[in-house]
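Examining the three-dimensional arrangement
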Amino acid sequence: MSEFLQQLVNGITWGSVYALIALGYTMVYGILRLINFAHGDVYMLGAFIGLYASRWFRAGENPNPFKALLVLLTSMVLSALIGMIIERLAYKPVRKSPRLSALITAIGVSLLLENGGVLLFGASPRFFPQIVAQENIPLGLGVTISNQQLIVIAVSFALMVALRWLVLHTKVGKAMQAVSHNHMAAALMGISVDRIITFTFMVGSALAAAAGVLVALQTPKIEPYMGILPGLKAFVAAVLGGIGNIPGAVVGGLIMGIAEVMVTGYLSPTYRDAIAFVLLIVILLVRPAGIFGKAVAEKV
Amino acid sequence: MKRFAALVFILLALVALNVLLPRVTNPYHFQVLMLIGINIVLAVSLNLVNGFTGQFSIGHAGFMAVGAYTSAMFTLKLGQPLVASLSLLPEPVAQGLALLLALMAGGLVAAGAGWLVGLPSLRLRGDYLAIVTLGFGEIIRVLLLNIEAIGGARGLPGIPAYANFFWVYGSVVVVIVLSGRLAHSTHGRALFAIRDDEVAAEALGVDTTRYKVLAFVLGAFFAGVAGGLFAHFLSYLNPSSFTFLKSIEVIAMVVLGGMGSITGSVLAAIVLTLLPEVLRPVKDFRMVIYSLMLIILMITRPQGLMGTRELSLGWLFRRGGAAKEPA
């Protein structure tokens, strides 16, 4: 029992990271119907920016929460800028093109970030400084949680709540909803569609960067290709929850994280990468639009 | 008569080139040439699914892997004894026969997998279908990594190198002619109708489900054949050759060539296979330039190099005696 609960805690930690990345996928998809394959690589960039920021602020020397927060914010802000640049330079020119061309562009951007990353940071893994000293907190029943895990979960959920507030209760959030329903109608209502799309990319990239830094807290080995698999799995998580649906992405991410940790713990770690996809196929066969997705009737 | 003459001409040309090319080209150029051929088969077969039918499949490497491993195991278990027992025939003929059987086996098993993956396309559309095919490809890769009997993560060495120029480019000709003929047949029109508007196609009496599954099965078959050629050319298989990136590479060929354009797929397969090779001298910048060029090409020519048009190879595809000389 205590082993199961321990796995559950680990699963929720991973799941909240997947959820953070999945949110970016789902928001961009909701607004542009584009699978932004480069999103996983923004997560990688987030971790690397975090690495350089913690060196700059000397956050690894005598860790304190203020410096760690500074590292997180720096990474989020810079990644948001990178997200903006990517959107403006690569995606905006193909917005009116067939969707597959946009997708190939996204793949191109993804390859560019990975290989540019190899060029800039080197191909071998780098070690993320410990910006939060590790402590284990017993939760009872033989279950412990490290303060790093706690930070991952707490920061993720804080960001998710903030995002929910942003989308539902602010003017820009309402504009995002309007654009995701219909670009032209939104434009007629006086919303600058271009700016909203750029803003969506920035928010998504910031969340992915946060995920990158949070992961690096726990598993400090970071390398330029680290974004590929988590990116794919987060995308699967977004589809699982019903793509375009924000609570769906969170639930999908949590399911994914828990399922993966359970498979690693109880079956075999080598099947870890397959479980995400098996889960996906099973759920899509039962609910073709994902858990929270609405089946859209096709208008003729 | 004209078609028969064309067939004889192609066969003779393939045999002649098969003998000649390995002697006059250096091994590196020859290897690139063979990889181009295999990639053409992959791109044209994926074009059947993505380009003709508009069903978005991003797990082509999975089918390729199924075909590659099946045909490799076929040759290792059955093909080699067969070649040994056919010692009366000249060696290339016996090996060719064994390879043909292995390719068929690989293609058929891959087609079976395509049928399995095609079935959910009854229920799923667009991106959801895409993600299921992606999942399928990844599941295949993880399974291959975990089956010790076929080498697991160490890979499968020692596959006899039966695939020569004749077989690779013979397959290229077969897949091109077949898709060309398909495009001009009732079945091909049905596929195009599904791509252009699924609802309208259904209203006109096209059995959309059947045709979608057909496209998947055909595409998977040739992906399996390409996998078999790959296995018998490199003599070594490893699950890491069939990652998501390989599927992406093939999609890039189809989209860059122009969705639905056969000659476009061929052209793009050549360009995208050569590009990384040509860029070898710049070493570290190679993949950066490759990805930048991919982005720039997509921005400047979103409809692909060829759009939906074909290069004039009309004489290959036109029916029987009515064939006119190309303009």
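Above this note sits the structure.
Anyway, here's the lowdown on the structure attached to this text. (Residues numbered from 1 in each chain as written. Chains lettered and ligands numbered in written order. Predicted model: local features only at pLDDT ≥ 70, side-chain atom pairs only at ≥ 80, totals over all residues.)

A word on the overall build of chain A
This is how it is decided: In this description a helix means any DSSP run of H or I spanning at least four residues, a strand means any run of E spanning at least two, and both kinds are numbered starting from the N terminus. In this treatment the radius of gyration is a C-alpha quantity, and the globule benchmark scales as 2.2 Å times the residue count to the 0.38 power. Exposure is read from a count of other C-beta atoms within 10 Å of each residue's own; the residue is exposed at 12 or fewer, buried at 20 or more and partly exposed in between. C-beta atoms are placed from the backbone.
Secondary structure summary: chain A contains 11 helices and four strands in total. A compact globule built from 300 residues would reach a C-alpha radius of gyration of about 19 Å, and chain A, at 19 Å, matches this within 12%. Principal-axis analysis of the C-alpha atoms places the extent of chain A at approximately 60 × 45 × 35 Å. Expressed as a percentage of its 300 residues, the buried residues of chain A come to 51%.

Brief notes about the packing of helix α2 (residues 27–52) of chain B against helix α10 (residues 244–257) of chain B
All names here are of chain B. We apply this condition: Axes, fitted as lines to C-alpha atoms, cover a helix only where it is in contact. Angles between the N-to-C directions of the axes lie from 0 to 180 degrees. Just so you know how the angles are binned, under 35 degrees is roughly parallel, over 145 roughly antiparallel, 65 to 115 roughly perpendicular, and the rest oblique. Left-handed is the label given to a crossing in which the near helix is rotated counterclockwise from the far helix by less than a right angle, and right-handed is the label when the rotation is clockwise. Working definition of a contact: two residues with C-beta atoms, positioned from the backbone, lying within 7 Å.
At a minimum axis distance of 9 Å, the contact between α2 and α10 shows a crossing angle of 70 degrees. Between α2 and α10, the interaxial angle falls into the category roughly perpendicular. For the element pair α2 and α10, the recorded crossing hand is right-handed. Facing Asn39, Leu42, Ala43, Leu46, Asn47, Asn50 and Gly51 of α2, the residues of α10 in contact are Val250, Ile251, Met253, Val254 and Gly257.

Description of the interface of chain A and chain B
Test applied: Classification convention: Asp, Glu, Lys, Arg as charged; Ala, Val, Leu, Ile, Met, Phe, Trp, Tyr, Cys, Pro as nonpolar; all other residues, Gly among them, as polar.
On the side of chain B, 30 residues touch chain A, which itself brings 35 residues to the contact. Considering every element that reaches the side of chain A that touches chain B, the biggest residue donor is helix α4 (residues 99–121) of chain A, with 12 residues. Looking at the side of chain A that touches chain B, its residues break down into 26 nonpolar, seven polar and two charged.

As for helix α2 (residues 39–56) of chain A
Two residues of an α-helix separated by three or four positions point the same way, owing to the 3.6 residues in each turn. Residues and elements named next belong to chain A. Note the following rule: Helices are assigned an expected span. That span is 1.5 Å times one less than the residue count.
Here α2 is 18 residues long and its end C-alpha atoms lie 25 Å apart, about the 26 Å a rise of 1.5 Å per residue gives. With 15 of 18 residues buried, α2 is to be regarded as a mostly interior element. Of the residues trailing α2, arginine 58 is marked for its positive phi of about 50 degrees.

What to know about unusual backbone geometry
With a phi close to 55 degrees, A:Arg33 is a non-glycine residue in the positive phi region. Residue placement: A:Arg33 occurs in the loop between α1 (2–32) and α2. On the basis of neighbour count, A:Arg33 is assigned to the partly exposed category, with 14 C-beta atoms found within 10 Å. Positive phi outside glycine occurs at B:Ser235, with the angle close to 65 degrees. Tracing the chain through its elements places B:Ser235 in the loop between α9 (208–234) and α10. B:Ser235 sits in the partly exposed class, given 15 other C-beta atoms within 10 Å.

What about the pairing of strand β2 (residues 136–140) of chain A?
Stated formally: At least two bridges found by DSSP between two strands are what make those strands a pair.
With zero of five residues buried, β2(A) is to be regarded as a mostly surface element. Between the antiparallel neighbours β2(A) and strand β3 (residues 143–146) of chain A lie two residues, among them A:Leu141 with a positive phi of about 60 degrees.

Quick look at the nonpolar core
Put simply, the test is: Each nonpolar core reported here comprises buried Ala, Val, Leu, Ile, Met, Phe, Trp, Tyr and Cys residues connected via C-beta atoms within 7 Å.
Core analysis: the largest hydrophobic core is formed by 206 residues, its most contacted members being A:Ala47, A:Ala210, A:Val236, B:Val41 and B:Leu229. Residue contributions to this core peak at 17 residues, all from α9(B). Leave out the neighbours within four places in its chain, and A:Val236 touches A:Met256, A:Ala276, A:Phe277, A:Leu280 and B:Ile131.

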